[in-house]
Amino acid sequence: MKKFLAAGVLALSLAFTACTTFRPVSAGSGVVGAKHGEATAVTLFGLLPITNDCSMLKAAKNGGIEHVATVDQKIFTFLGLYSSVTTIVTGD
């Protein structure tokens, strides 16, 4: 019975985990600027887009950036039910 309970607790803890990943996308020749912009796309159940523009251009516009120095992405997933991709741009 204890093994069954332990296996159940382990399965539930794995089921309620989330994953966040950061990855670099691009870097220019300039230094990281003082301005910072973000754009996020969110999907539910892997199919239903809630917001769908996480482009570098949208992130640069949101931060008022004209010269892009770096582009990174942050990806968050929760059980395949909720996913978000955030593009992060720095520059001047």
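In case you missed it, the structure is sitting above this.
What counts and how
Residues numbered from 1 in each chain as written. Predicted model: local features only at pLDDT ≥ 70, side-chain atom pairs only at ≥ 80, totals over all residues. Heavy atoms only, no water. Pairing = 2+ DSSP bridges. Helix = DSSP H or I, 4+ residues; strand = E, 2+ residues; numbered from the N terminus. Patch = residues over 30% accessible without salt bridge, like charges linked within 9 Å, V, L, I, M, F, W, Y side chains within 5 Å. Areas by Shrake-Rupley, 256 points an atom, 1.4 Å probe, with all protein chains shown as cover. Salt bridge = Lys/Arg side-chain N within 4 Å of Asp/Glu carboxyl O. Buried < 20%, exposed > 50% of the residue type's maximum accessible area, 1.4 Å probe, protein only. Polar contact = N/O pair within 3.5 Å; in protein donor to acceptor, adjacent residues only side chain to side chain. Contact = heavy atoms within 4.5 Å. Arc of directions from axis to C-beta.

Undergrad: Describe the pairing of strand β3 (residues 48-52), with residues and values.
TA: Of the strand pairs in this sheet, strand β2 (residues 35-44) and β3 are connected by four bridges, and their pairing is antiparallel. Each residue of the ladder has a partner; that of Val-42, found in β3, is Thr-51. Between β2 and the antiparallel strand that follows it, β3, lie three residues; Phe-45 among them carries a positive phi value of about 60 degrees.

Undergrad: Please set out the pairing of strand β4 (residues 68-78) residue by residue, giving values where relevant.
TA: Along any regular strand the residues' side chains alternate between the sheet's two faces. Alignment of β4 against strand β5 (residues 82-91), held across 10 bridges, turns out to be antiparallel. Across the sheet, residue Lys-74 finds its bridge partner in β5, namely Thr-86.

Undergrad: Explain a nonpolar patch on the surface to me, and be specific about the residues and the numbers.
TA: A surface patch of nonpolar side chains, about 470 Å² in accessible area, is lined by Phe-45, Leu-48, Leu-79, Leu-81 and Tyr-82. With respect to the secondary-structure elements, Tyr-82 resides in strand β5. Take Tyr-82: its relative accessible area is 31%, and that puts it in the partly exposed class.

Undergrad: Give me the lowdown on the side chain of Thr-70, citing residues and values where you can.
TA: Following the sequence through the fold, Thr-70 ends up in strand β4. For Thr-70, a relative accessible area of 17% corresponds to the buried category. Reaching out from Thr-70, the side chain makes a polar contact with the side chain of Thr-90 at a distance of 2.4 Å. Beyond its immediate chain neighbours, meaning those up to four positions away, Thr-70 contacts Ser-26, Ala-27, Val-32, Ile-88, Val-89 and Thr-90.

Undergrad: Let's hear about helix α2 (residues 56-63): which residues, and what values?
TA: Within the sequence span of α2, burial applies to Ala-59, Ala-60 and Gly-63. Angular distribution of buried residues about the axis of α2 spans 100 degrees; they occupy a single face of the element. Away from the buried face of α2 by more than 90 degrees, exposed residues Leu-57 and Lys-61 are located. Against β2, β4 and β5 lie the buried residues of α2. Phi turns positive, to about 65 degrees, at Gly-64, one or two residues after α2.

Undergrad: Give a description of the environment of Ser-84 that names residues and reports values.
TA: By secondary structure assignment, the location of Ser-84 is in strand β5. For Ser-84, a relative accessible area of 10% puts it in the buried group. Once the C-alpha coordinates of Ser-84 and Ile-50 are considered, the two residues, 34 residues apart in sequence, prove to be 9.7 Å apart. In contact with Ser-84, other than residues within four places in its own chain, are Thr-40, Ala-41, Val-42, Lys-74, Ile-75 and Phe-76.

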